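Observations on the model geometry
Chain by chain, the residues:
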Amino acid sequence: MRVVIAGGHGKIARLLLRELAGRGDTAVGLIRNPDHAAALTAAGAHPVLADLEHVDVDDLAGHLGGADAVVFAAGAGPGSGAARKDTVDRAAAVLLADAAQRAGVRRYLLVSSMGVEGEPRPGTDEVFAAYLRAKKAAEDDVTGRDLDWTVLRPGRLTDDPPTGRITLARRVPRGAVTRTDVARVLVALLHTPASAGMILELVGGDTPIGEAVAAVTAR
């Protein structure tokens, strides 16, 4: 597959690019900082300069030509305010969906977050609440389109070594999951067409990734 990943220099994205390249897929990472290109090349990926807060839909669609799938793994990141949660976590995801449709790319994977359904709990940090609302708005937009979308909602992310074992379902108890396991689940979902149209929550667990993906998509 040829897979284009938005937010190509993010932690999950770089792991995903490496996993895809390692299995023989063509991995393309969209980055806004040219200084990040070397890291993507070292991961076996093809860096493409495209700032999702400034690129127009036609230019972005041009970068998606020939792709089999796109993955939205971008985020405003720690230290950013509420405004950038909207311009990146929501608006950039919507822009990628617009560009995918314009380029004729049907497969769209959105990396979202657990906890987006319903209003944030009372006392939630204002910026984190804005992040959750932005993620939910992105989900609502993408899932309303004529795309083969899949939404993945990981739990609390860690940089621990991967276990290769997860819990994956429409609803799961809150918990943590390693970023590498998230990347490997994304690879499995990309290569499982039956996952289209699903919103799935993900935390660490006891089931091997391949078995978990096969079980949830067999229902």
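We now turn to the structure provided with this report. All values derive from a computational prediction rather than experimental measurement. (Residues numbered from 1 in each chain as written. Predicted model: local features only at pLDDT ≥ 70, side-chain atom pairs only at ≥ 80, totals over all residues. Heavy atoms only, no water.)

1. A word on the packing of aromatic side chains
- Under the criterion given, the structure shown has one aromatic pair.
- Plain terms: the ring middles of phenylalanine 128 and tyrosine 131 are 5.7 Å apart, the flat faces sit at 25 degrees to each other, and that makes the pair stacked. Of this pair, phenylalanine 128 and tyrosine 131 both sit in helix H5 (residues 126-143), three residues apart, which is roughly one turn of that helix. (Phe/Tyr/Trp six-rings, centres within 6.5 Å; stacked < 30°, edge-to-face > 60°. Helix = DSSP H or I, 4+ residues; strand = E, 2+ residues; numbered from the N terminus.)

2. Regarding the nonpolar core
- In terms of nonpolar packing, the biggest core is built from 35 residues, with Ile5, Val71, Leu152 and Leu168 touching the most fellow members.
- Considering every element that reaches this core, the biggest residue donor is helix H6 (residues 179-190), with eight residues.
- Excluding anything up to four places from it in sequence, valine 71 contacts Val3, Val4, Ile5, Ala6, Leu16, Leu96, Leu109, Val111 and Leu190.
- Membership of the second largest hydrophobic core comes to 34 residues, among which are Val88, Ala93, Leu95 and Leu147. (Core = buried A, V, L, I, M, F, W, Y, C linked by side-chain atoms within 4.5 Å. Buried < 20%, exposed > 50% of the residue type's maximum accessible area, 1.4 Å probe, protein only. Contact = heavy atoms within 4.5 Å.)

3. Overview of the sheet that holds strand S4 (residues 69-72)
- Taken together, nine strands build an open sheet; the order of strands is S3-S2-S1-S4-S5-S6-S10-S8-S11 and the sheet is mixed. Lying at the two open borders of the sheet, with one neighbouring strand each, are strand S3 (46-49) and strand S11 (207-208).
- Pairing analysis gives five bridges linking strand S1 (residues 2-6) to strand S2 (residues 26-31), with the strands arranged parallel. Bridging from a neighbouring strand, isoleucine 5 pairs with glycine 29 of S2. (Pairing = 2+ DSSP bridges.)

4. Thoughts on helix H4 (residues 82-103)
- Over its 22 residues, H4 extends 30 Å from the first C-alpha to the last, a length consistent with the 32 Å expected when each residue adds 1.5 Å.
- The sharpest bend along H4 reaches about 35 degrees and sits at alanine 91.
- Lys85, Val88, Asp89, Ala92, Ala93, Val94, Leu95, Leu96, Ala97, Ala99 and Ala100 are the residues of H4 that are buried.
- Contacts made by the buried residues of H4 are with S1, helix H3 (57-63), S4, strand S5 (107-111) and H5.
- Backbone geometry just downstream of H4 places glycine 104 in the positive-phi region, at approximately 80 degrees. (Expected span 1.5 Å × (residues − 1). Bend = angle between axes of the 7 residues up to and from the residue.)

5. Considering the side chain of aspartate 89
- Here aspartate 89 is to be found in helix H4.
- Residue classification places aspartate 89 among the buried positions, given a relative accessible area of 2%.
- When residues no more than four places from it in sequence are discounted, the contact partners of aspartate 89 are Phe72, Ala74, Gly75, Ala76, Arg84, Tyr131, Ala134, Lys135 and Ala138.

6. Structural notes on the pattern of salt bridges
- This model, assessed by the stated rule, comprises 19 salt bridges.
- Notably, a salt bridge pairs arginine 90 with aspartate 86, separated by 2.6 Å at the nearest N-O pair. With arginine 90 and aspartate 86 both in helix H4 and four residues apart, the pair spans about one turn of that helix.
- A salt bridge links aspartate 140 to lysine 136, with the nearest nitrogen and oxygen atoms 2.7 Å apart. Here lysine 136 and aspartate 140 lie together in helix H5, a separation of four residues that amounts to about one turn. (Salt bridge = Lys/Arg side-chain N within 4 Å of Asp/Glu carboxyl O.)

7. A look at the environment of alanine 13
- Note that alanine 13 resides in helix H1 (residues 11-22).
- Among the residues examined, alanine 13 registers a relative accessible area of 0% and is labelled buried.
- With 189 residues separating them in the primary sequence, alanine 13 and leucine 202 have C-alpha atoms 17 Å apart.
- In this view, alanine 13 contacts Ile5, Gly7, Gly8 and Ala73; residues no more than four positions away in its chain are not counted.

8. A look at the pairing of S5
- Of all five residues that make up S5, five are buried, and the element is covered over most of its length.
- Burial of the side chains of S5 extends over both faces: Arg107, Leu109 and Val111 are buried on one face and Tyr108 and Leu110 on the other.
- Inspection of the sheet shows S4 paired to S5 by four bridges, in the parallel sense. Bridged to valine 71 within S5 is leucine 109.
- The parallel pair S4 and S5 is bridged by H4, and the resulting crossover is right-handed.
- Here S5 pairs with strand S6 (residues 148-154) via five bridges, running parallel. Within the sheet, the bridge partner assigned to valine 111 lies in S6 and is leucine 152. (Right-handed = clockwise from strand over helix to strand, strands pointing away.)

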